[in-house]
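# Working through the structure, step by step
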Amino acid sequence: MNYKTLLFLPFFILLSISPGAFAAQAASDSQLNSIAELGRLNGVALQCSYTTQMQQIKQALVLNLPKQRALGEWFENKTNDSFMAFMTSNASCPSAVDFMQEVNAAIITLESEFKK
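Quick look at the structure, then. (Residues numbered from 1 in each chain as written. Predicted model: local features only at pLDDT ≥ 70, side-chain atom pairs only at ≥ 80, totals over all residues. Heavy atoms only, no water.)

### Description of the overall build of the protein chain
Across its full length, the protein chain holds 6 helices and 0 strands. Across the protein chain, helices and strands are ordered from the amino to the carboxyl terminus as α-α-α-α-α-α. Across the 116 residues that make up the protein chain, the buried fraction comes to 33%. Counted over contacts in the protein chain with a minimum sequence separation of 6, partners at least 24 positions apart contribute 83%. Accessible surface computed for the protein chain: about 7,400 Å², of which carbon and sulfur atoms make up 60%. (Helix = DSSP H or I, 4+ residues; strand = E, 2+ residues; numbered from the N terminus. Buried < 20%, exposed > 50% of the residue type's maximum accessible area, 1.4 Å probe, protein only. Contact = heavy atoms within 4.5 Å. Areas by Shrake-Rupley, 256 points an atom, 1.4 Å probe, with all protein chains shown as cover.)

Right under this line is the structure:
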C-alpha cells in the first residue's frame, strides 16, 4: 500500500459505516422503532398527498426527539424506504380517517418512548 491509500483508508471506512450504526448509538431499539414507524407513515403520506399528516409527523419529531443528526437521518431513510415500497407495490392509499388514527397512535408511542 502506498502513502495516499493509507491516508484515505480511515475516510473510506467511515463512509462505509451505516447511518443505522450512528442511530443505534443515539437511541434505544424501541425508540428507533417508534421513529421508523413515523418514517413509514410519512412515506405513505407523501405518496397519498396527506400534507396535514406529514406536518403533524414532522412537528411530533421536532417536539420529542433530541436534536441529533443520526435520528433525523434514520427517519429520512425509513421515509424513503416506505415511499419506494409503497410505489413499487402499487399499494392504495388508506382512508384519511384510518390514516390519521395510525399517525396519532404512532405519535403517542414516540412521545412515550422519548419521555422515559
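### What about the packing of helix 3 (residues 29-48) against helix 6 (residues 96-114)?
For the pair helix 3 and helix 6, the least separation of the axes is 9 Å and the interaxial angle reads 155 degrees. One element, helix 3, and the other, helix 6, form an angle in the roughly antiparallel class. As helix 3 runs across helix 6, the sense of the crossing is left-handed. Listed contacts from helix 6 to Ser30, Gln31, Ser34, Ile35, Glu37, Leu38, Arg40, Leu41, Val44 and Ala45 of helix 3 are Phe99, Glu102, Val103, Ala106, Ile107, Thr109, Leu110, Glu113 and Phe114. (Axes fitted to C-alpha atoms, helices over the stretch in contact; angles between N-to-C directions. Parallel < 35°, antiparallel > 145°, perpendicular 65-115°, else oblique. Left-handed = near helix turned anticlockwise from the far one by under 90°.)

Read these as geometric descriptors, not functional statements.
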